[in-house]
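What follows is each chain in one-letter form.
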Amino acid sequence: MTVRWKKSNRSVSDGSCVEVANHLGAVRDSKNPGVVLEVSPDRLRTFVDALKSR
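Residues numbered from 1 in each chain as written. Predicted model: local features only at pLDDT ≥ 70, side-chain atom pairs only at ≥ 80, totals over all residues. Heavy atoms only, no water.

Looking only at helices and strands, one finds one helix and four strands in the chain. The N-to-C order of helical and strand elements in the chain reads β-β-β-β-α. Reported as C-alpha extents along the three principal axes, the dimensions of the chain are approximately 30 × 30 × 15 Å. When contacts within the chain are restricted to residue pairs at least 6 apart in sequence, those whose partners lie at least 24 apart make up 3%. Roughly 4,500 Å² of accessible area belongs to the chain as shown, and the carbon and sulfur atoms make up 52% of that amount. Charge centroids of the chain, computed over 10 positive and 6 negative side chains, lie 4 Å from each other. (Helix = DSSP H or I, 4+ residues; strand = E, 2+ residues; numbered from the N terminus. Contact = heavy atoms within 4.5 Å. Areas by Shrake-Rupley, 256 points an atom, 1.4 Å probe, with all protein chains shown as cover. Lys, Arg positive; Asp, Glu negative; His and termini not counted. Charge placed at Lys NZ, Arg CZ, Asp CG, Glu CD.)

Structure follows, in structure tokens:
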């Protein structure tokens, strides 16, 4: 599978944002894309849902 990264529409103009992989199991910092945090898709979805509820 080819991994495609997506930035939030709310990312700041200086490029500092978090990107999410198309398979929803990995995130990375756009300023340091060589470091990838892999988590289960369910845990990542729970985390994102919690952020959205704030």
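Our next topic: the pairing of strand E2 (residues 18-21). Across the two faces of E2 the burial differs, with Glu19 and Ala21 buried and Val18 and Val20 not buried at all. Hairpin remark: E2 followed by strand E3 (residues 26-29), antiparallel, with four residues in the connecting loop; positive phi at Leu24, about 50°. (Buried < 20%, exposed > 50% of the residue type's maximum accessible area, 1.4 Å probe, protein only. Pairing = 2+ DSSP bridges.)

Another point: the pattern of salt bridges. Between side chains of opposite charge, pairing is possible as soon as their charged atoms come close. Scanning all chains against the criterion turns up one salt bridge. Among the salt bridges present, the one from Glu19 reaches Arg28, with a minimum N-O distance of 2.5 Å. (Salt bridge = Lys/Arg side-chain N within 4 Å of Asp/Glu carboxyl O.)

If you trace the backbone, Arg28 turns up in strand E3. At 2.5 Å, the side chain of Arg28 and the side chain of Glu19 are in polar contact. Ignoring any residue separated from it by four or fewer positions in sequence, one finds Arg28 in contact with Trp5, Cys17, Val18, Glu19, Pro33, Val35 and Val36. (Polar contact = N/O pair within 3.5 Å; in protein donor to acceptor, adjacent residues only side chain to side chain.)

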